[in-house]
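# A structural walkthrough
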Amino acid sequence: MAIEASEAPSPPSHPASHFNLQRHFYVAVDRLQFKMATLVDLLGVAGRRSSLPMVVCCSSRDELDAVCSAVSNLPYIFLTSLYSDLAEADRALVLDKFRQATMNWNQNISAQPGEDSEVGKDKQKSHMVVVTDACLPFLACGESAISARVLINYELPTKKEIYMRRMATCLAADGIVINMVVGGEVVTLKSVEESSSLVIAEMPINISEIL
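Cut-offs and rules
Residues numbered from 1 in each chain as written. Predicted model: local features only at pLDDT ≥ 70, side-chain atom pairs only at ≥ 80, totals over all residues. Heavy atoms only, no water. Helix = DSSP H or I, 4+ residues; strand = E, 2+ residues; numbered from the N terminus. Buried < 20%, exposed > 50% of the residue type's maximum accessible area, 1.4 Å probe, protein only. Contact = heavy atoms within 4.5 Å. Salt bridge = Lys/Arg side-chain N within 4 Å of Asp/Glu carboxyl O. Axes fitted to C-alpha atoms, helices over the stretch in contact; angles between N-to-C directions. Parallel < 35°, antiparallel > 145°, perpendicular 65-115°, else oblique. Left-handed = near helix turned anticlockwise from the far one by under 90°. Nonpolar A, V, L, I, M, F, W, Y, C, P; charged D, E, K, R; others polar.

## Observations regarding the overall build of the protein chain
- A count of helical and extended segments in the protein chain gives six helices and seven strands.
- Overall, the protein chain shows an N-to-C arrangement of helices and strands of β-α-β-α-β-α-α-β-β-α-β-α-β.
- The buried share of the protein chain, taken over its 211 residues, is 46%.
- At a minimum sequence separation of 6, the contacts of the protein chain that also span at least 24 residues come to 83%.

Shown next, in the form of structure tokens:
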């Protein structure tokens, strides 16, 4: 699927009614070998939004490593990851930095048109965390959720419970979920949609329409 954008606009100012309204989309990928290229195309548009906080969820460490390798050279994305053998102090640092990124994003969308904010180059980049299901924030252990504006399910969860946990731990109240679906995974997507009482629409070709 081609990903297009008319231009990279400034973060929008949403009306109050927009909050507490999460939206769900899917991107259909013809073949598995095109999946990573589609993700990079997607990030080539979304990732250029200043300070945009994003989470990419994977089911396995191998896929996490593959995503990090593919995205690491994109100069407009500040990339971090959460994996099982990450030291506790490093994990806390990754989560703290991402929460700061969400604060920067919220300040941007709250700013009046024409206002200038003095931020460093790293803060102007979008901020992305790649995480496996085993390493999502542990709410039961006292970790706070991270409120990403965009949650990308690079690997579609097969169970509703995993889909909902990703949302509960990683997605802002007004966030956007983008599910990457290959071939027969459409059946799995429909099952998650029906069992969760969600509406998962096809993502517009121009992704700027939903950001």
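Having seen the model, we can carry on.
## Brief notes about unusual backbone geometry
- Of note in this structure, Ser51 is not a glycine but carries a positive phi near 70 degrees.
- Within the element layout of this structure, Ser51 appears in the loop between α1 (35–46) and β2 (53–58).
- Ser51 sits in the buried class, given a relative accessible area of 5%.
- We note that Ser197 has phi near 55 degrees; this positive angle belongs to a residue other than glycine.
- Following the sequence through the fold, Ser197 ends up in the loop between α6 (185–196) and β7 (200–202).

## Looking at the pattern of salt bridges
- By the definition in use, this model includes seven salt bridges.
- The partner of Arg61 in a salt bridge is Asp65, and the shortest N-O contact between them spans 3.0 Å. Of the two residues, Arg61 and Asp65 both sit in helix α2 (residues 61–71), four residues apart, roughly one turn of that helix.
- For Asp65, a relative accessible area of 35% gives the class partly exposed.
- Here Asp85 ties to Arg61 by a salt bridge, and the two come within 3.1 Å at their closest N and O atoms. With Asp85 in the loop between β3 (77–82) and α3 (88–110) and Arg61 in helix α2, the pair connects residues that are 24 residues apart, well separated along the chain.
- The exposure class assigned to Asp85 is exposed, which follows from its relative accessible area of 57%.
- The class for Arg61 is partly exposed, based on a relative accessible area of 33%.
- Each of Arg61, Asp65 and Asp85 takes part in a single network of salt bridges with overlapping partners.

## Quick notes on the packing of α1 against α2
- Close contact between α1 and α2 brings their axes to 10 Å; oriented N to C, the two are set at 50 degrees. Classified by the interaxial angle, the pair formed by α1 and α2 is oblique. In the crossing of α1 with α2, the sense of the turn from one axis to the other is right-handed. Residue-level contacts link Met36, Leu39, Val40 and Leu43 of α1 to Ala66, Val67, Ala70 and Val71 of α2.
- Its residues assigned to classes, the contact of α1 with α2 shows eight nonpolar, no polar and no charged.

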